[in-house]
Protein chains: 2
Amino acid sequence: MRVIIDVMGGDRPEESVRGALRAAKEFGEVKVTAVGDKKLIERIVAEENASALGMDAVFTTEVISNDESPTMAIKQKKDSSMVRALTMLKEDADSIGMISTGSTGAVLTGATLHIGRLPGIYRPTLLTQAPAMNGQPVCIADGGANVDSRPEWLYQFAVIGSAYMKVVTGRENPSVALLSVGTEEHKGNELTRAAYALLRESNLNFVGNIEARDALSGKYDVIVCDGYDGNILIKSTEGAAKMIMSLLKGFVMESTKAKIGYLFMKKALMKLKNRMDFNNYGGAPFLGIKKCVIKAHGASKAGAVYNAVGQVLKIKQGNVIESIGRAFAGGAE
Amino acid sequence: MRVIIDVMGGDRPEESVRGALRAAKEFGEVKVTAVGDKKLIERIVAEENASALGMDAVFTTEVISNDESPTMAIKQKKDSSMVRALTMLKEDADSIGMISTGSTGAVLTGATLHIGRLPGIYRPTLLTQAPAMNGQPVCIADGGANVDSRPEWLYQFAVIGSAYMKVVTGRENPSVALLSVGTEEHKGNELTRAAYALLRESNLNFVGNIEARDALSGKYDVIVCDGYDGNILIKSTEGAAKMIMSLLKGFVMESTKAKIGYLFMKKALMKLKNRMDFNNYGGAPFLGIKKCVIKAHGASKAGAVYNAVGQVLKIKQGNVIESIGRAFAGGAE
């Protein structure tokens, strides 16, 4: 089994290479290929004194950045690390997944184009993992890949999210909640009301509507929503966390007494920061396509990239893609 | 000038009465009428030793709760504090506004039904004020009154929000941002892309798309969005704030050292809690109807209800409703 890592495109290519090296070393059952700039990869391999650690490399000359049009970039930059990594994932039967810290739009476009949807899938979905109150991961489906969703898409996001969270939580039938503006069945918009009806009739462990304030309580495994709303949920939470930490710092700086208190509380505050850090919850699997692609955070450090390799492995060992394929093999419902 | 307060329906009717008494006493230019249960109002008036303070009262026998269907409740409960307060607002030429801590759905339905939309307005909008980083209020338009909005509605929300924030901030042309999933013009869904085009052509101080993480930065006065998305933005932020404070408390309790630190930092933490408390930012004006109705938080204390009276006064003195009326008098565009 092989996992391919597009080490360019993110904010810290060096860290991606380090994560790839660590994964090659520590995951005995997986071979790792880093795809990216020759000089960069060779420099990090030398720095880490890791030449014999069994990581393969494919050297590329182009990088897809966050600023360019995803569709144009994927079509034109044939020698970009992202396109080469995706092509390799498609063509190599032994390769089970690809990880990229690059432009979300380009990863999703490229993955859909090069790897292709599973039969019966309307739209692949990005499963963003968010930090819950209790430290458990919550999965937002869709985390931002699809806007203007239709009710049947939301139903598929729920099935895909549930299949994934089964391997993450170990629970046979993870709980699925529908993001809405109130808990009653009739609350919501046209989309959520129609999706509610589909989910209610499904075999999923559907618990009904929830409000955004409860999405990260840890009581639910999968939060189903349109990608526009998933994006707002995730970004508001991130924004609030950042704002609160920064405000607290400001208020602390106003008094010597508070500064002393801050020193005493530092460990608790670091724990809090860690708990709220989306980066610690792994990359976002993009599922509903024929192989596993993981979009890791642009600022991912080596540990996050290493963890993403573990995610690919878990998805493989849990037969997540096979079970999604089976769910819709009879054609999209 | 008179302001009418529906003192029932919220979680703390006593506090609404106290707020009404305080407003009657302190706002010399405004008369205040409390509408609600006779026993309750008389008890609080006696407790506050306030019989001569010039607050009027209208006694009612019914209360609209959060659990009932807004439309049914408004139609059937003729002697509810909410319906009586709205009827009085409509019929009394001297009354400039009504405040309720009751069911949001019922307030909005009742206000639209009894007070009526201004000519040319598609949908009145709920302007939820949220806490920004810098302590300035930000106004979310729409804060949850309208789902499945059309682009023209969003344009009107922007005009209404801008007219209101003009009196709140004192700025001639408050900045208006469109909530989206990216800052580029093409980012968003069908609704936001169409609304973008309308806003770009307007006379508003339109600054373009913003992401949810920047909505409460304090850089923007009005955040325009569909009410479903406004609800998610507000509730995720509230939820994140609650989660963070509660997590911090838990981590602090794990160590004696941190507990000591907590004591030293208590003042800074209280400041933070206050800054993040939506309750401190006033009620949410429901504008686009012929008079001013303010939905105050269900848990409002006396101070919040008192502040809401100040808001009604500000809206009156700033001619907000007149200027909204003028903007669309030629018919909805």
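Computed from a prediction, not measured in an experiment: that's the story for all the values here. (Residues numbered from 1 in each chain as written. Chains lettered and ligands numbered in written order. Predicted model: local features only at pLDDT ≥ 70, side-chain atom pairs only at ≥ 80, totals over all residues. Heavy atoms only, no water.)

A word on the overall build of chain A
Next up, step 1: Helix and strand counts for chain A come out as eleven helices and twelve strands.
Next up, step 2: In terms of principal-axis extent, the alpha carbons of chain A reach across some 65 × 60 × 35 Å.
Next up, step 3: A burial count over chain A gives 57% of its 333 residues as buried.
Next up, step 4: Restricting the contact set of chain A to residue pairs at least 6 apart, pairs at least 24 apart contribute 73%.
Next up, step 5: In the form shown here, chain A has an accessible surface area of approximately 13300 Å², with 49% of it arising from carbon and sulfur atoms.
Next up, step 6: Distance from the positive charge centre (41 side chains) to the negative charge centre (36 side chains) of chain A: 4 Å. (Helix = DSSP H or I, 4+ residues; strand = E, 2+ residues; numbered from the N terminus. Buried < 20%, exposed > 50% of the residue type's maximum accessible area, 1.4 Å probe, protein only. Contact = heavy atoms within 4.5 Å. Areas by Shrake-Rupley, 256 points an atom, 1.4 Å probe, with all protein chains shown as cover. Lys, Arg positive; Asp, Glu negative; His and termini not counted. Charge placed at Lys NZ, Arg CZ, Asp CG, Glu CD.)

Some words on the packing of helix α1 (residues 13-26) of chain A against helix α2 (residues 38-47) of chain A
Geometry of a packed helix pair, given as the angle between the helix axes and the separation of the axes.
Residues and elements named next belong to chain A.
Next up, step 1: Their axes nearest at 10 Å, the elements α1 and α2 cross at an angle of 55°. For the element pair α1 / α2, the angle class is oblique. When the axes of α1 and α2 are compared, the crossing they make is right-handed. Judged by residue contacts, Pro-13, Glu-14, Val-17, Arg-18 and Leu-21 of α1 engage Leu-40, Ile-41, Arg-43, Ile-44, Val-45 and Glu-47 from α2. (Axes fitted to C-alpha atoms, helices over the stretch in contact; angles between N-to-C directions. Parallel < 35°, antiparallel > 145°, perpendicular 65-115°, else oblique. Left-handed = near helix turned anticlockwise from the far one by under 90°.)

A look at the interface of chain A and chain B
Next up, step 1: Facing the 50 residues of chain A at the interface are 50 residues of chain B.
Next up, step 2: Surface buried jointly by chain A and chain B totals about 4800 Å² across both partners, of which 72% is contributed by carbon and sulfur atoms.
Next up, step 3: Taken together, the links from chain A to chain B amount to six salt bridges.
Next up, step 4: The partner of Glu-238 of chain A in a salt bridge is Arg-213 of chain B, with the nearest N and O atoms 3.5 Å apart.
Next up, step 5: Summed over the shared surface of chain A and chain B, the result is ten residue pairs in polar contact (both at pLDDT 80 or more).
Next up, step 6: Considering each element in turn, the side of chain A that touches chain B owes the most residues, 19 residues, to helix α8 (residues 227-253) of chain A.
Next up, step 7: Of the residues belonging to the side of chain A that touches chain B, the class tally is 28 nonpolar, ten polar and twelve charged. (Buried area = accessible area lost by both parts, 1.4 Å probe. Salt bridge = Lys/Arg side-chain N within 4 Å of Asp/Glu carboxyl O. Polar contact = N/O pair within 3.5 Å; in protein donor to acceptor, adjacent residues only side chain to side chain. Nonpolar A, V, L, I, M, F, W, Y, C, P; charged D, E, K, R; others polar.)

Points about helix α7 (residues 190-200) of chain B
Residues lying three or four places apart along an α-helix face the same way, a consequence of the helix completing one turn every 3.6 residues.
Next up, step 1: Residues Leu-191, Thr-192, Ala-195, Tyr-196 and Leu-199 of chain B constitute the buried set of α7 of chain B. Projection of α7 of chain B onto a plane perpendicular to its axis shows the buried side chains occupying an angular sector of 130°, all on one side.
Next up, step 2: Turning to α7 of chain B, the residues buried within the fold contact α8 of chain A together with α6 (151-169), β8 (175-180) and β9 (205-211) of chain B. (Arc of directions from axis to C-beta.)

Section: the pattern of salt bridges
All names here are of chain B.
Next up, step 1: According to the stated counting rule, one finds 44 salt bridges over all chains in the structure shown.
Next up, step 2: The shortest N-O distance in the salt bridge between Arg-18 and Glu-15 comes to 3.5 Å. Placement of the pair is Arg-18 and Glu-15 together in helix α1 (residues 13-26), with a separation of three residues, close to one helical turn.
Next up, step 3: By relative accessible area, which is 21% here, Arg-18 ends up partly exposed.
Next up, step 4: Notably, a salt bridge pairs Asp-221 with Arg-171, separated by 2.6 Å at the nearest N-O pair. Taken together, the residues span a long stretch of sequence, with Asp-221 in the loop between β9 and β10 (222-224) and Arg-171 in the loop between α6 and β8 at a distance of 50 residues.

A few points about the relation of the copies chain A and chain B
Next up, step 1: Its rotation angle being 180°, the transformation that places chain A on chain B also includes 0.0 Å of axial translation and leaves an RMSD of 0.0 Å. What the rotation and shift describe, once combined, is the action of a two-fold rotation axis. Among all residues of chain A, the minimum C-alpha distance to the rotation axis is found for Gly-261 of chain A, at 1.8 Å. (Least-squares fit on C-alpha atoms with pLDDT ≥ 70 in both.)

Quick notes on a positive patch on the surface
Next up, step 1: Where like charges cluster on the molecular surface, the positive patch consists of Arg-12, Lys-249, Lys-266, Lys-273 and Lys-301 of chain A.
Next up, step 2: Structurally, the position occupied by Lys-249 of chain A is in helix α8. (Patch = residues over 30% accessible without salt bridge, like charges linked within 9 Å, V, L, I, M, F, W, Y side chains within 5 Å.)

Notes on the packing of aromatic side chains
Next up, step 1: Within the structure shown, the criterion is met by six aromatic pairs over all chains.
Next up, step 2: Between Tyr-155 of chain A and Phe-328 of chain A the ring centres are 6.4 Å apart and the planes differ by 90°, which places this aromatic pair in the edge-to-face class. Separated by 173 residues along the polypeptide, Tyr-155 of chain A in helix α6 (residues 151-169) and Phe-328 of chain A in helix α11 (residues 320-328) bring together distant segments of the chain. Comparing Tyr-155 of chain A with Phe-328 of chain A shows no difference in burial state: the two are buried.
Next up, step 3: Between the aromatic rings of Tyr-196 of chain B and Phe-206 of chain B, the centroid separation amounts to 5.1 Å while the plane-to-plane angle is 80°, which identifies the pairing as edge-to-face. With Tyr-196 of chain B in helix α7 and Phe-206 of chain B in strand β9, this pair connects stretches of sequence that are ten residues apart. Here Tyr-196 of chain B matches Phe-206 of chain B in class, with each residue buried.
Next up, step 4: Lying over the aromatic face of Tyr-306 of chain A, Arg-22 of chain A brings its terminal NZ or CZ to 3.7 Å of the ring centre.
Next up, step 5: The ring of Tyr-122 of chain B has Arg-150 of chain B lying over it, and the distance from NZ or CZ to the ring centre is 5.7 Å. (Phe/Tyr/Trp six-rings, centres within 6.5 Å; stacked < 30°, edge-to-face > 60°. Lys NZ or Arg CZ within 6 Å of the ring centre and 35° of its normal.)

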